[in-house]
Amino acid sequence: MKIKYDVLLVGLMFLSSCGKEEKREFAMPEFDITEAAVETVISGEDELVPVVTPGTPLEFTDSTIVIAGYMDKKLLHVYDRHNGKLIDSPVKMGDSPADVVRLLNFARYKDGWLIYDEVPNLLKRYDSDFNFMESTQIPKAGFAAINNSFILPDARVLAMGFRKDGLPSTLKPLGMQIIDGSKAGNMISETPVDSLIKENYLYVRERYAVNPKLDKLVCGTLEGGVIETFNVDGNNLEPRASYLLFPYNVAEQNGMKRRAIDSKIGFSSIIADDNKIVAALLGDKNPALPTDITVWDWDCKPLRKYTTNAVILTMAFSPDDPDTLYAVVVEDEGDPKIVTYHCPGLSECK
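Residues numbered from 1 in each chain as written. Predicted model: local features only at pLDDT ≥ 70, side-chain atom pairs only at ≥ 80, totals over all residues. Heavy atoms only, no water.

(A) Structural view of the pairing of strand E5 (residues 64-71). For E5, a buried count of seven out of eight residues is recorded, marking the element as mostly surrounded by other parts of the structure. Bridge count for strand E3 (residues 51-52) against E5 is two bridges, and the pairing is antiparallel. From the neighbouring strand, Val52 faces E5, where its bridge partner is Gly69. One ladder, built from three bridges, connects strand E4 (residues 58-60) with E5; its direction is antiparallel. Bridge pairing in E5 places Glu59 opposite Val66. Hairpin connection from E4 to E5: three residues lie between these consecutive antiparallel strands. (Buried < 20%, exposed > 50% of the residue type's maximum accessible area, 1.4 Å probe, protein only. Helix = DSSP H or I, 4+ residues; strand = E, 2+ residues; numbered from the N terminus. Pairing = 2+ DSSP bridges.)

This is the structure we're talking about:
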């Protein structure tokens, strides 16, 4: 199973333009410390690992690691996190109540699991063994349409979409809002990422993470390079900081604007704790080049960088060692594999 590297460039959608283009200053960050991460392969050479949907999380139980990705008509896979052996693939792709059409993200919740099924816009709940329990339609709240959702660890949903109060055009202004059942927080728009989308006529995929205290949120773009943070107060969001690394370049082809071949790729995965943000950054137009592990504070100040020899599809903090990350990666155009990266000094970053 050879990976297609354009899996990193998922879901580009063609949209019309509105609003005046703003001039923005972009600059690649300078990190005070750069060193190599030490890789250890967990999964065996004969162990199949799915082509992970970029940006989906890795989750842990006491002895397992849970990975989202398509493999053998299944979308969720449970591995022994110590030896990388596949234990089970409990969630099937399908349209029955227990199945999932398109798994965009998932999270541990109480004694079970939550899965966001993007196509029907459903939040599906499962018990600890992935037995289906119930589905809940995500309310549109202040949106005319929701095009992306991120599950928070307390079962609230961070939704992104087109605002109901948008202009009467084919591209209504985009917004971001926390939805908690029938309640919803303030609508955030006109952020650097929102401007990047409107300036370039295209839908830009974002990666999201919250800190354990659930009072801070970070998002970064896969297409183009923007990272931005927010303070979270209840269900309300307040822009905190941003860093613009590089733009999202587009080119016109047959009268349509598309991603330009020289457009750089940004963040494939983002995780966070209360002190720092860890983001897998490519920063090049070639999706097959190795990914850097970059570390930022919550005011988007670059702190440290770890180099790798692989394309990182998704990653997570190790539950055993604060200086180690688990990741699903691809090296030398091979098959995906589960690895750990030891990153000296990672736990000291803040």
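Next, the rest of the story.
(B) Up close: the side chain of Lys276. Tracing the backbone shows Lys276 in the loop between strand E22 (265-272) and strand E23 (277-284). At 2.5 Å, the side chain of Lys276 and the side chain of Asp273 are in polar contact. Beyond its immediate stretch of four places on either side in the chain, Lys276 contacts Val295, Trp296, Trp298, Phe317, Leu346, Ser347 and Cys349. (Polar contact = N/O pair within 3.5 Å; in protein donor to acceptor, adjacent residues only side chain to side chain. Contact = heavy atoms within 4.5 Å.)

(C) Spotlight on the environment of Thr40. Position of Thr40 relative to the elements: it lies in strand E2 (residues 38-41). Among the residues examined, Thr40 registers a relative accessible area of 41% and is labelled partly exposed. Separated by 298 residues in the primary sequence, Thr40 and Ile338 place their C-alpha atoms 8.8 Å from one another. Apart from the residues lying within four places of it in its own chain, the contact partners of Thr40 are Ile338, Val339 and Thr340.

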